[in-house]
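# Observations on chain architecture
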Amino acid sequence: MTLTFEDFPPGRYGTFGPRHVTRDEILAFAAEFDPQPMHLDEDAAGKSMLRGLSGSGWHLCSLMMRMMADGFITRAASLGSPGVDEVRWLSPLRPGDDLMLDVDVLEARGSKSRPELGIVKFNCTARNAAGQALCEMTSPILIKRREGAV
């Protein structure tokens with residue numbers, strides 16, 4: 001079943017996960033995309049304001065995107081996104097974290113210029129197993145409406 005705009009009313013959409021994060025994948029992502037000491041070197045990370053090895057915020061955003069894709073986007077009539085409104089990194093991603101992703105629909109409105117689609121604004125919060133929020137992201141996604149819904 002393909003999810004359409006009408007399947008995303010405002011409110012809690014769902015919780016997805018868990019997604020286990022390993023030390024090796026934190027190091028691999030950092031080496032490739034964000035080679036800062038707090039993401040690559042245990043000693044340097046321990047002396048940083050993060051007080052220990054932590055995953056890149058961009059790694060965390062990538063994990064969140066994958067969890068969204070696995071959870072619902074690949075089943076939705078998604079036409080993509082015009083961008084991300086806000087990303088806030090709240091706490092470090094640590095090796096061994098088991099991530100959960102809470103997804104809320106903040107707003108769902110039909111497009112005035114393209115009535116065959118709607119704009120759904122999502123707020124996603126990644127949490128570790130202790131429930132601590134690590135990252136919040138707010139982003140609109142363009143989603144086709146059901147045939148005859150216009």
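As shown above, the structure is provided for reference.
Residues numbered from 1 in each chain as written. Predicted model: local features only at pLDDT ≥ 70, side-chain atom pairs only at ≥ 80, totals over all residues. Heavy atoms only, no water.

Direction vectors running N to C along helix α1 (residues 23-33) and helix α4 (residues 57-71) enclose 115 degrees, while the axes themselves pass 9 Å from each other. On the basis of their axis angle, the class for α1 and α4 is roughly perpendicular. When you trace α1 past α4, the crossing you get is right-handed. Here α1 contributes Glu25, Ile26 and Phe29 to the contact with α4, which in turn contributes Trp58, His59, Ser62 and Leu63. Counted by class, the contact of α1 with α4 contains four nonpolar, two polar and one charged residues. (Axes fitted to C-alpha atoms, helices over the stretch in contact; angles between N-to-C directions. Helix = DSSP H or I, 4+ residues; strand = E, 2+ residues; numbered from the N terminus. Parallel < 35°, antiparallel > 145°, perpendicular 65-115°, else oblique. Left-handed = near helix turned anticlockwise from the far one by under 90°. Contact = heavy atoms within 4.5 Å. Nonpolar A, V, L, I, M, F, W, Y, C, P; charged D, E, K, R; others polar.)

Restricting attention to buried positions, one finds in α1 the residues Glu25, Ile26, Leu27, Phe29 and Ala30. Looking at the packing, one finds that the buried side of α1 touches β1 (11-20), α2 (37-40) and α4. (Buried < 20%, exposed > 50% of the residue type's maximum accessible area, 1.4 Å probe, protein only.)

Turning our attention to the side chain of Thr4. As for its position among the elements, Thr4 is in the segment before β1. Given a relative accessible area of 9%, Thr4 falls into the buried group. Sequence-distant contacts of Thr4, that is, excluding residues within four places in its chain, are made with Ile143, Lys144, Arg145 and Arg146.

Pairing in this open sheet of five strands is antiparallel, and the strands run β1-β3-β4-β5-β2 from one edge to the other. In the strand order of this sheet, the two ends are held by β1 and β2 (86-89), each with one partner. When the angles between neighbouring strand axes are averaged without regard to direction, this sheet yields 20 degrees. When β1 meets strand β3 (residues 98-110), the two strands line up antiparallel, connected through seven bridges. Bridging across to β3, Arg19 finds its partner in Leu99. (Pairing = 2+ DSSP bridges.)

A word on the pairing of strand β5 (residues 133-144). With nine of twelve residues buried, β5 lies mostly within the body of the structure. Strand direction decides the pairing type here: β2 and β5, joined by four bridges, are antiparallel. In the strand pairing of β5, Arg88 is matched with Glu136. Between strand β4 (residues 117-127) and β5, which pair antiparallel and follow one another directly, the connecting turn spans five residues, one of which, Gly131, has a positive phi of 90 degrees.

The next point concerns unusual backbone geometry. The linkage connecting Gly17 with the following residue, Pro18, adopts the cis geometry, with an omega of 5 degrees. One can find Pro18 in strand β1. The phi torsion at Arg51 lies on the positive side, around 55 degrees, for a residue other than glycine. Within the element layout of this structure, Arg51 appears in the loop between α3 (42-47) and α4.

This part takes up the packing of aromatic side chains. Aromatic ring pairs are reported here in terms of the distance separating the ring centres and the angle at which the planes meet. Taken as a whole and assessed by the stated rule, the structure comprises nine aromatic pairs. Measuring from centroid to centroid gives 4.9 Å for Trp58 and Trp89, while their planes differ by 85 degrees, and the two rings are edge-to-face. Pair noted here: Trp58 is in helix α4 and Trp89 is in strand β2, with a separation of 31 residues, a long-range link. Judged by relative accessible area, Trp89 falls into the partly exposed class, the value being 42%. What links up through ring pairs into an aromatic cluster is the set Phe8, Tyr13, Phe16, Phe72 and Phe122. (Phe/Tyr/Trp six-rings, centres within 6.5 Å; stacked < 30°, edge-to-face > 60°.)

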